[in-house]
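Residues per chain are reported as follows:
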Amino acid sequence: MSAHAAPSTADLVARWRDEPAPLLPLLHALHDRDGFLSEDALRAVSQALRIPLADLFGTVTFYHHFSREPGGLNKPRICTGNVCCLHGGNELLAALKSQGATAMPCAGRCDEPVPVLRGHEQLVGTSATSLAAKPTPLPAPNPGGCEECIFESIREPGRATLEGYRRTGGYEALSKAVREMTPTQLLALVTESKLAGRGGAGFPTGVKWQAVADAPGQPKSIVCNADEGEPGCFKDRAIMDYDPHALLEGMALAGFATGAPRGFIYLRYEYPETFRILERAIAEAEKAGLLGVNILGGVFNFTIHLRRGAGAYICGEEGSLLNSLEGKHPFPRNKPPFPVTHGFENLPTAVNNVETLASVPPIVRKGAAWYRGLGRNAHAGTKLISLSGDIQHPGNYEVPIGLPLKTLLHDWAGGPQTGRTIQAVTMAGLSGGFLAGDALDCTLDEPSIRGKGSFLGAGGIIVFDDSRDMVAAAHAAMEFFAHESCGKCFPCRIGTQRLTERLNGEAGPSDLAAWTQEVRDIGTVMRATSACGLGMAAPFVTDSLLKFFPEQVDNYVVSKEPNNR
Amino acid sequence: MSNPLADMAKPDVIFCIGTNMTECHPVAATGLKKAMARGAKLIVADPRRIKLAELADVYLPIRVGSDVALLLAMAHVIEREGLMNRAFIEHRTAGWEDFRRNLKAFTPEWAAAICEVPAADIERAGLIYGRGRPAAIYYTLGITEHICGVDNVQSLCNLALMTGNLGVEGGGINPMRGQNNIQGCGDCGAETFVFPGSVKIDDVAARDKFANAYQRPDLDLGQAMTKVTGLQECGKSIHAMLIDGENTVVSDPDRNHCEHALKSLDHLVVIDIFMTETAKLAHVVLPATAWAETDGVACNTERRVQRLRAAVPPPGEAKPDWWIIAEIAKRLGIPGFDFQSPADVFNELCSLSPTYGGLDWERVSRESLNWPVPTKDHPGTPILHTEGFTNGRGRFMVLGYRDPAEVVDDAFPVWLTTGRRLQSYHTRTQTGRASGIDYLLSEESLEVNPADAEAWGFLDGDWAIVTSRRGEVKIKVRSTDRSPRGTVFASFSFADVPVNNLTGSGYDPTTHTAELKVCAVRIERAPVTLESAHDPREPENAHAR
Amino acid sequence: MSATATERELTMTLDGEAVGFRAGETIYQVAQRTKKSIPTLCYDERLEAFGACRLCVVEVDGVKAPVASCTTKATAGMVVRTDSPIIEKYRKTLLELVVSENREVDVSPLRGFASQEFTTLVDRYGARTGRFKGRQSGTSNKTDDNPFILRDYDLCISCYRCVRVCAEQEGDYAITMMNRGFGTQITTEFNGRLKDSACTFCGQCVQTCPTGALADKKALRAADLPGEIAKTRTICPYCGVGCSVDLLTKGDRLIGVQPAMDGPANQGALCIKGQFAFDFVQHDDRLKKPLVRQPDGSFKETEWDEALDLAAAGFRRSLKEHGRRSIYGIASGRAPHEAAYSMQKFIRAGFGTHYIDNCSRA
Ligand SMILES: Cc1cc2nc3c(=O)[nH]c(=O)nc-3n(C[C@H](O)[C@H](O)[C@H](O)COP(=O)(O)O)c2cc1C
Ligand code: SF4
Ligand code: SF4
Ligand code: SF4
Ligand code: FES
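This is a predicted model, so every value here is computed, not measured. (Residues numbered from 1 in each chain as written. Chains lettered and ligands numbered in written order. Predicted model: local features only at pLDDT ≥ 70, side-chain atom pairs only at ≥ 80, totals over all residues. Heavy atoms only, no water.)

Chemist: Got a minute to help me understand the domain arrangement of chain A in this structure?
Modeler: By a frequent convention, interface size equals the accessible area lost on bringing the separate parts together. All names here are of chain A. Domains assigned within chain A are domain 1 (9-62), domain 2 (81-133), domain 3 (162-371), domain 4 (382-465) and domain 5 (470-559). Using C-alpha coordinates to define each centre, domain 3 is positioned 35 Å away from domain 5. Contacts between the two partners involve 9 residues from domain 3, matched on the other side by 8 residues from domain 5. For the domain 3 and domain 5 pair, buried surface summed over both sides reaches about 780 Å², with 73% attributable to carbon and sulfur atoms. Among the residues domain 3 hides against domain 5, the three largest losses belong to Tyr-313, Ile-314 and Phe-331. Together they make up 56% of the total. Where domain 3 meets domain 5, there are 0 salt bridges. Our enumeration of links across domain 3 and domain 5 arrives at 3 residue pairs in polar contact (both at pLDDT 80 or more). Among the residues forming the side of domain 3 that touches domain 5, the class breakdown is 6 nonpolar, 2 polar and 1 charged. (Domains from an automatic or database assignment. Contact = heavy atoms within 4.5 Å. Buried area = accessible area lost by both parts, 1.4 Å probe. Salt bridge = Lys/Arg side-chain N within 4 Å of Asp/Glu carboxyl O. Polar contact = N/O pair within 3.5 Å; in protein donor to acceptor, adjacent residues only side chain to side chain. Nonpolar A, V, L, I, M, F, W, Y, C, P; charged D, E, K, R; others polar.)

Chemist: Just to check I follow, could you spell out the interface of chain B and chain C for this structure?
Modeler: Counting residues at the interface gives 150 residues for chain B, matched by 115 residues for chain C. Summed over both partners, the interface of chain B with chain C comes to about 11,300 Å²; 62% of that surface belongs to carbon and sulfur atoms. Among the residues of chain B in contact with chain C, Trp-291, Arg-331 and Tyr-439 of chain B are the three that bury the most area, contributing 8% of the side total. Our enumeration of links across chain B and chain C arrives at 10 salt bridges.

Chemist: Explain the packing of helix 17 (residues 342-352) of chain B against helix 10 (residues 337-351) of chain C here, please?
Modeler: Angle between the axes and distance between the axes: these two values describe a pair of packed helices. It is at 9 Å that the axes of helix 17 of chain B and helix 10 of chain C come closest, and there the two elements cross at 65°. Here helix 10 of chain C runs roughly perpendicular to helix 17 of chain B, going by the angle between their axes. Relative to helix 10 of chain C, helix 17 of chain B is oriented so that their crossing is left-handed. Mapping the contact onto sequence places Pro-342, Val-345, Phe-346, Glu-348, Leu-349 and Leu-352 of chain B in helix 17 of chain B and His-337, Glu-338, Tyr-341, Ser-342 and Lys-345 of chain C in helix 10 of chain C. In the contact of helix 17 of chain B with helix 10 of chain C, the residues fall into 6 nonpolar, 2 polar and 3 charged. (Axes fitted to C-alpha atoms, helices over the stretch in contact; angles between N-to-C directions. Helix = DSSP H or I, 4+ residues; strand = E, 2+ residues; numbered from the N terminus. Parallel < 35°, antiparallel > 145°, perpendicular 65-115°, else oblique. Left-handed = near helix turned anticlockwise from the far one by under 90°.)

Chemist: I'm lost on unusual backbone geometry in this one. Help?
Modeler: As a rule of thumb, non-glycine residues mostly have phi less than zero, and peptide bonds are mostly trans rather than cis. Here the bond from Lys-335 of chain A into Pro-336 of chain A is cis, since omega is -10°, no more than 30 degrees from zero. Residue placement: Pro-336 of chain A occurs in the loop between helix 13 (318-325) and helix 14 (339-342). The omega torsion across Arg-133 of chain B and Pro-134 of chain B is -5°, close enough to zero to call that bond cis. Mapped onto the elements of the fold, Pro-134 of chain B is located in the loop between helix 8 (119-131) and strand 5 (135-139). Its identity is not glycine, yet Lys-560 of chain A carries a phi of approximately 55°, on the positive side. Looking at the element boundaries, Lys-560 of chain A is found in the segment after helix 24 (550-559). Given the relative accessible area of 57%, Lys-560 of chain A is considered exposed. (Buried < 20%, exposed > 50% of the residue type's maximum accessible area, 1.4 Å probe, protein only.)

If you want it as structure tokens, here you go:
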């Protein structure tokens, strides 16, 4: 048989059937081969993996990017996320309609709009003719001259290769841990560093790992959350594209500390190039004996499996992510129990963000005190901020935790375009809603931002200048949450829809007081009763809109006029 | 059943043999599926690739009628690997050493040749069952409707005895009864070998008790006659028959013989709710009240005695069966039929049956209990044999393997096996008249392996003539992977496809259960006639809509 | 000794009252036992708690946001409030939201066992306020021509009880949720007909649906019949499992069957036969009068007295001409005990033989 002949379904089934977490890779293999998921393909998967066909069908339809129509994979999908629609995303969509283009939510390229997915590639450009595959923008040297943890060596040429990584201290931390430390010592070090989760919830990483180490049951797992679905967040992508071995080393360290012999990277679908980079890095590390069995000649074993999502923001929520990995319908799980005791396949699991894990090798090399000292005002460490929107220099910045927001916006990123002023920024991507006016006088740390009624979360900040209609911005944000609500719980499933309709005029009272009451009541019940963070966070958008922009709301509800411009 | 239905979700290992449970006892099968969702292992032995087979960890598509060989080999594996429950064998059973010696020859390889499945799978089944704590066995007619039905059941008992899986929660050997009150029929003594309460008719004390209670001093001691013999004797020694709601002609094997037998009676009285094929042969047909119109009691497969309640009045002048029988009895001067209500009848049963001693109409109307319920304050017995067996110790039976009564040969080269389908029930006198059922199953078909269908030159929907040594039927062919090569399947539910024309090759020598499951047939293409060009069932089905 | 110690430990405070509980019980289960009426829509006690409707939220001291009582285990010393004004307000808002996504709230109770749950809660909370208008969720399936189950998803509220009952109770995994969020749609694989899916038409999804979105088409045929619906508890007439059912009647008509949720053999389960094959009972083909064969072979309707006399006469003749061993009886495995008992007594008391059998051997 020729090397180019497409593999048969039976071949693909045989390739994946006995691997851990086989459903997504098998579906992707068939999707990639056929350009869509046919009925026959689903029947074969259902039989091979013993997943009831109806369940499998339901699960496949959950994901945005699995096409069930022939040719679907090769039709362009255009980002119309909050940032891209400020930069011509909708116009590009219209221009590509004839090619069967459809919209997709934020694809994590807000620093260089507009991303377009086609086939196995992500292209960028703002017009149909300028679309081209481009490498992820490399983070600029730290404009504040602050000492960095994660980005410290990322700009070194060749850093993404094993050789380049080792040149600047790569895998020294792992070697030190495996040869000189006990898991207990490593756990203590991470706890002392005060490293906390960088995926949004900010849970102390050492405490999480300790819980996994203490929980009974094997095999345990380290799951790297590389779903980066939050609109306006693209920091994990920079790490993985330019410093993939830092993530692998961090995961191996996590495995060593917790006693987990296996790791999974759950990568968002929209990063095809990143997938290839990680694949290469894992192969290199395995070949060099840095992953796999008897790592560095010792007794420590750790294998990393790379898995790809298929387009679902909720799969960044850890319970949903674990269900997705396991091939189940990706609804979030009820907690407790938490993943640390009942995670992947109901066994102890540490779910950590890419940034969190990539911070660990430098911490091991340089010490807990060093890391703690990187923050300001008694805050420990650094945080990556993805900055985008109406700002002169969008991109990823590693800031000392506690840095004033305005320093970042004006001194580091050059402020708004000339002639414009900053009207508002979002926090935590979209999940923290808007900050505006006096509330912009805050520092980049949770206590300060929570004091303003929002939260820092994963560190995505989108800037809106004074030309923007904030009701329209809120609508785009709420539309995202409605599109991504998994539909498990009533308040979020119906609430995100009703709020979207109220923000685009499709439905809702025309009387301002009644309108406001409905929007507030929906928000209150969503925040109080939703089953997961998506539904709890979505009303930040409407609440902050009402708080900071009552006149724009008034204008929109009463006179149906667009705001500004 | 030795164990209650609620136990079905509890075993670690489930062994289903000769039961198409998902179709015949769907609600019971839900318990089994729950056990599997919990991680229980499933072994399925069935010639046909039934739905259960798809769920199985080990599926054994054994040749029809080869069950005993499989079971012996599984026992062999368990013995060889030392997976027996020695304490149980020592304290609760008898005959182990003889049984054990006899096992030596029955290797998986030996059975593989007879059952036509790989020896390795038999080995695996033996190991899984042997290690299950608890392991439960479920079976239905697939096991008993054979000439060697008793051997089959005995072999299952042997497995359960050697592993100590009797009298434990989630274990046991559990026959699934086919009809809503077939268990009750036996409980009531409507079975030739037993009095009410399952007491044997050759038990002198029992004979005396009933002779006395029924004012019948000359009541036989022993002298059973099974229905099979009864039908054979029609026109010879049997001349009159009373049949209650039983479409014997369609459900019994060898339909031609059966019709002939009933026609040779001087007097046939049939009590039924519809004009069945059997009723059409009667001299007097008496209309009975149906389910939903009748107050009474029934007993399910787990020995649970439950109240039936009337909700609507019967049509026309239909009467309860007990009333009809009592009226005939009174006219014949038989004493003791002055029943005024179903409660009177049931209470009399309870007063005479040791297993129902603690029950009465009032109590069954209040609660449902599993018999035996010996006294008024007894809570019922969900699991049998927890303390000991009725007859002391559980006895191992030394068995060998016998071929079915009929084996395939050049003239009749194909195995036919019969059974039931989910959507229809028995002879369809009921489901055939429930609206909508035709949407799913409007006609019977012969299930043929696709490769066989091709080899024999059939397309789906083609008409075939199936011939056995006893008769023939015309039936449409449907190819399906459920049938293994060389074996075809049909149900006996449709009167217009009288599959039981073909069956009836023999009877179990002890119980006289018919060999309904297996017979040898020949399959030929039906000549194209006007009749087969359009659906000949049209008039038959018209009234079902 | 130690048992009492644990018991003392396992207490919590529910609306100001101390209550004991067993390890592993959820707050909702404890509340149920103590007769609190916490509203739910996605809960079915036979299924694993799912936590979709959020109506069951309660306040727990020391926990910021309310928790779903159905999925939260009780812990010792927990202080819980189940009906504070703020919680009741959330519940009302939730119900107003749910009302807004459906075509209608009031449906015939013939649709299914649980079909009135939603209506009842909406009225308990006065949630017919007409607030939160907007698009409706779920689209009724107009192409599925099956005669048993109406798929009226305009009324669906995505509680997933149907999907879960099909998987967890019935074990058929025939249905699923397609898409996500507000676009969620209950359907089969490839969004087709139930007939082409793994569905066995057991009807369990119908009976657990709290809105009547899945409905019993056969029972609905009687929606316009006059009269109140009455229920009678009995046992299914088909296989040996012996499922408990409630017969639905209007006057003299048998119009449907619903499973008994507390049926000892079935816990609310049925199969297609028990659920849908009930109407043979009032079929036109039923025998209504005794029939006697005429010399020409045809049957003639007669009165009972004549028919019974003739029936008895035949046996008397046989007894006289051929003796007591010439009579045989066959009992039915489908008639009740009273029939079987009378049959065997007829033979044993009447003729002193054991010439009685049943169909178990066929
Ligand atoms: C709706 C939602 C989406 C989320 N998406 C992500 C994500 O894309 N990446 C991520 O790392 N964490 C995400 N999280 C947070 C994870 O649930 C989890 O807290 C995190 O992965 C833990 O890792 P950390 O402790 O290293 O931050 C999300 C949470 C919610 C509620
Ligand atoms: S809050 Fe939204 S996303 Fe989260 S479980 Fe509920 S419906 Fe799903
Ligand atoms: S009728 Fe039964 S099998 Fe069919 S979808 Fe409903 S629950 Fe599942
Ligand atoms: S159809 Fe009924 S049971 Fe199923 S999700 Fe909708 S409302 Fe719930
Ligand atoms: S009953 Fe708890 S969320 Fe529905």
